[in-house]
Every structure is written in structure tokens, then in C-alpha cells.
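Notes for the structure review
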Amino acid sequence: MRRAAQEGSPAGTSVEREAATRPPGDPPPRLTIGVDVGGTKTAAGVVDEHGAIIRDARRETPATSPSEIIAAIGDLVEELRGDHEVEAIGVGAAGFVDAKRSTVLFAPNLAWREEPLRAEIEKLTGLSTVVENDANAAAWAEFQFGAAHDVDDMILLTVGTGLGGGLVLAGELYRGAFGVGGEVGHLRAVPNGHLCGCGNKGCWEQYASGSALVREAREFARSSPPQASCLLELAGGRADRIEGPMVTKAAADGDGPSRELLEDLGRWLGEGIATLAAVLDPAVVVVGGGVSEAGDLLLDPARKAFARQLTARGHRPVLEIRRAMLGNEAGIIGAADLARRR
Ligand SMILES: [Zn+2]
């Protein structure tokens, strides 16, 4: 049913996916649309109650214009509705969403400031809408249909450019009193450490993210070019062109220094997870995002560091660290499911 590995459609076209066969006489599936608004691309899909995307579409995000982003969401919804009977819309957005799930308070990479997104989209489409933080939506998808479907308490960590997080506690998405909880990437990991985009210093995101991996890999290649020959070859000889996927590729091919770079990142990840476990005691931590493509090259060091750092280790049950299952589609699937449960 799940299509996590399937490529999405190219920009501006929607694609009908193979429908699940339904015994005759069964009621028609309850469908909602999930929209994932990212800094560069907006992706949307019609999703059934089992979390399967049955039709999807995407386009560029006109990130600098609030009204154009809303118009683009409206276009995607119209394109996807087609012959489907859609009940509601869920929008996942990379930003701070208020507790009523209607207003985007602030989105660092989009032009939204106090944007009444729910009202705008309901006016445009006539469909009941909920707005959710994108990492929360992805966490909900992994909890309902993905890597943490078998537990009640889980945390999703999205290791991409930054470090995002979503919490499901006692079977409910945890948003906090004001709707803006779960920003685990901004826990302080290092007093007076690297400056973070949020204005503070030493945030966990500065050590456990794709950006941190790239920063460390470039520094290493500049200071030790002979040892970094494998990485430099992938980057055309230029340290400043090294990107995260190059490190993952070189590590998978057996390059020792690249494996060490991923181990360092994994260690930061595992130690932070031990901190989260001390406070929240989840059964599972799911690791997603682009860097999680490295699989056990990242997760095994994370598991080791976690086990070393966990408080009361040896005298308590221990959570599992698992890789995410739904890939880039988690945001769409989660937003759509939250819309169904509004
Ligand atoms: Zn920060």
C-alpha cells in the first residue's frame, strides 16, 4: 500500500497511481489531500485512510510571495481533486504554527508572518483545512503508518539541512501549550558552540544535521587533502563543493575518513537522543531526513553513543532507534491523516 520509494511526479503534472483493489460492496475510501510546503518545492497528494497516496502532484514554491504560495496550494488541490471525493485538506509547513492549527506564526524560509493560512485555503477551496508544522506531520505519518506504527510514544528526528523533530506521546501528537513545541534541534548541545540560524549558540542542530556534516567534511578536506582524496575526487577537487550525499557515497564505498565523519554525526545524534529519553522516555526514535540515507553507517554509531549516555543504563528498558520508512512522502501522508481526524 505504501509508496515511500516511488518517485513523485514532475513539477506541474499530477499522476494517478495504481488504485488498491477494493472488494465490491465496500464503501468508497475516505480521501483527504495532504500538502507539504517546503522552501523550494510544494508537494501534495490524495491519500486514503491507510496512508496510501493515490494521486500526487508538485510544483515550485513561490517562497517570497505569501499570496502566490496560497494560490499554488489552491492550484494543486484543484488539480488533484479531479474525480475524487475529497473531505478535507491538511497542510504541513516548515514553520511555527499556532495551537489552533490555523495560523503560521513564522516560517524562516517562506514569506509567512502571522499568515492565516487555514482561512485563506478554506476560502479558496471550500474544503475544511488544518495547518500543521511539517515535522509534526511527518512524525504523525511514521507513527500511524511507518517505522513507529507499533508503539504509543515516539519521536521523529529529521536529519536534513537542519534537525527537525516531532513528538507523539501517549498516542497523541504533542504540540505544547502554544503549538510550537518539539523544536528539538535547538536544544543546546555545546555551551558557546557554533552559531545557529535561530540566533543562539551551540544548538544540537549545529552538530547533528546535514549542514554540520558538510561543514566538517569541507574543513577536513581543507586541512588534510591527501586523507580526503576520495571526497575531493567526488567534488571535482574542490573542498567547497563537497555535499552531504558525497560523504554518504564515499562512506558506503568504504572510505575510512567519510565513515568517521558519519560516526561523529551519529555520536552527536545518539547523545542527544539520550537527553530526550531522560525527559520523554519514548519507545522508539525514528531517524529520517536526507542524512538517514546513510542507514546503519549513521545509526549504529548513534545507537552506541546513546547506550553510553543513557541515564540509569542497565536498569531500565531501552528505546529502539529506527530508520524512517516513509521518506519524503511522510509530510503529505501525515498532513492528510491529521486532516481526516480534525
Ligand atoms: Zn538554534
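Predicted, not measured: the structure shown is a model, and the values here were computed from it. (Residues numbered from 1 in each chain as written. Predicted model: local features only at pLDDT ≥ 70, side-chain atom pairs only at ≥ 80, totals over all residues. Heavy atoms only, no water.)

**Examining the overall build of the chain**
Across its full length, the chain holds nine helices and 14 strands. At 20 Å, the chain has a C-alpha radius of gyration in line with the 20 Å of a compact globule built from 342 residues. Dimensions of the chain, computed from the C-alpha atoms along their principal axes, are close to 60 × 50 × 45 Å. For the chain, the share of sequence-separated contacts (at least 6 apart) that also reach a separation of at least 24 residues comes to 62%. On the chain, roughly 15,600 Å² of surface is accessible, and the fraction owed to carbon and sulfur atoms is 50%. Charge centroids of the chain, computed over 36 positive and 48 negative side chains, lie 3 Å from each other. (Helix = DSSP H or I, 4+ residues; strand = E, 2+ residues; numbered from the N terminus. Rg over C-alpha atoms; globule rule 2.2 N^0.38 Å. Contact = heavy atoms within 4.5 Å. Areas by Shrake-Rupley, 256 points an atom, 1.4 Å probe, with all protein chains shown as cover. Lys, Arg positive; Asp, Glu negative; His and termini not counted. Charge placed at Lys NZ, Arg CZ, Asp CG, Glu CD.)

**Quick notes on the confidence of the model for the chain**
Across the chain, the average pLDDT comes to 92, with 95% of residues at or above 70. Here residues 1-11 is a poorly scored stretch, pLDDT under 50, and it has 30 contacts once near neighbours within four places are set aside; other chains count. (pLDDT = per-residue confidence, 0-100.)

**Some points on the coordination of the zinc ion**
Coordination of the zinc ion by the protein is provided by His 186 (ND1), Cys 196 (SG), Cys 198 (SG) and Cys 203 (SG), with metal-donor distances spanning 2.0 to 2.4 Å. Around the zinc ion, the four donor atoms sit at angles spanning 106 to 116°, and that spread fits a shape best called tetrahedral. Motif for the zinc ion, donor spacing along one chain: H-x9-C-x1-C-x4-C. With a gap of 17 residues between them, His 186 in the loop between strand E12 (172-173) and helix H4 (210-223) and Cys 203 in the loop between E12 and H4 connect regions that are remote in the sequence. Classification of His 186 by relative accessible area gives partly exposed; the value is 29%. (Donors = N, O, S within 2.8 Å, 3.2 Å for Na, K, Ca; no water. Tetrahedral: all angles 85-135°; square planar, octahedral: opposite > 155°, others 65-115°. Buried < 20%, exposed > 50% of the residue type's maximum accessible area, 1.4 Å probe, protein only.)

**Focus: the sheet that holds strand E4 (residues 53-60)**
Across the sheet, which stays open at both edges, the six strands sit in the order E1-E4-E3-E2-E5-E9 with mixed pairing between neighbours. The strands lining the two open edges of the sheet, one partner per strand, are strand E1 (14-16) and strand E9 (128-133). Here the average twist between neighbouring strands, direction ignored, is 15°. In this sheet, E9 lies alongside strand E5 (residues 86-93) in parallel orientation, the contact comprising six bridges. For Ile 89, the partnering residue across the bridge sits in E9 and is Thr 129. Across the sheet, helix H1 (residues 66-81) lies against E1, strand E2 (31-37), strand E3 (41-47), E4 and E5, angled at about 150° from E4, the strand it touches most. Along the sheet face, helix H2 (residues 117-125) touches E5 and E9 and points at about 145° away from the line of E9. (Pairing = 2+ DSSP bridges. Axes fitted to C-alpha atoms, helices over the stretch in contact; angles between N-to-C directions.)

**Observations regarding the environment of Ala 72**
Its location among the elements puts Ala 72 in helix H1. Exposure remark for Ala 72: the relative accessible area of 8% places this residue in the buried category. Beyond its immediate stretch of four places on either side in the chain, Ala 72 contacts Arg 59 and Pro 62.

**A look at the packing of aromatic side chains**
The full count for this structure, using the stated rule, is three aromatic pairs. When the ring of Tyr 207 is compared with that of Trp 268, the centres are 4.6 Å apart and the planes differ by 40°; the resulting orientation is tilted. Taken together, the residues span a long stretch of sequence, with Tyr 207 in the loop between E12 and H4 and Trp 268 in helix H7 (residues 256-280) at a distance of 61 residues. The positively charged end of Arg 215 is found above the aromatic ring belonging to Tyr 207, 5.7 Å away from the centroid. Directly above the aromatic system of Trp 268 lies the positively charged group of Arg 267, at a separation of 5.4 Å from the ring centroid. (Phe/Tyr/Trp six-rings, centres within 6.5 Å; stacked < 30°, edge-to-face > 60°. Lys NZ or Arg CZ within 6 Å of the ring centre and 35° of its normal.)

**Regarding the pattern of salt bridges**
Where charged atoms from two side chains of opposite charge approach closely, those side chains can pair. Under the defined criterion, the tally for this structure stands at 19 salt bridges. Of the charged contacts, one joins Asp 56 and Arg 58 as a salt bridge, the two residues approaching to 3.9 Å between their closest N and O atoms. Residue Asp 56 is classed as buried on the basis of its relative accessible area, which comes to 2%. Arg 341 serves as the salt-bridge partner of Asp 337, at 2.6 Å between the closest nitrogen and oxygen. (Salt bridge = Lys/Arg side-chain N within 4 Å of Asp/Glu carboxyl O.)

**Observations concerning the packing of H1 against H2**
Direction vectors running N to C along H1 and H2 enclose 45°, while the axes themselves pass 10 Å from each other. Comparing their axes, H2 and H1 come out oblique. Handedness of the H1/H2 crossing: right-handed. Residues Ile 70, Ala 71, Ile 73, Gly 74, Val 77 and Arg 81 of H1 form the contact with H2, whose participating residues are Leu 117, Glu 120, Ile 121, Leu 124 and Thr 125. Class assignment of the residues belonging to the contact of H1 with H2 gives a composition of seven nonpolar, two polar and two charged. (Parallel < 35°, antiparallel > 145°, perpendicular 65-115°, else oblique. Left-handed = near helix turned anticlockwise from the far one by under 90°. Nonpolar A, V, L, I, M, F, W, Y, C, P; charged D, E, K, R; others polar.)

**A closer look at H2**
Burial in H2 covers these residues: Leu 117, Ile 121 and Thr 125. Take H2 and look down its axis: the buried residues cluster within an arc of 40°, on one side only. Remark: Gly 126 follows H2 within two positions and exhibits a positive phi of approximately 75°. (Arc of directions from axis to C-beta.)

**Structural notes on the sheet that holds strand E7 (residues 104-106)**
Pairing is antiparallel in the open sheet, where three strands are placed in the order E6-E7-E8. With one partner strand each, in any of the chains shown, strand E6 (96-97) and strand E8 (113-115) form the two edges of the open sheet. Sheet topology note: the E6/E7 ladder contains two bridges and is antiparallel. If you follow Phe 96 over to E7, its bridge partner there is Phe 106.

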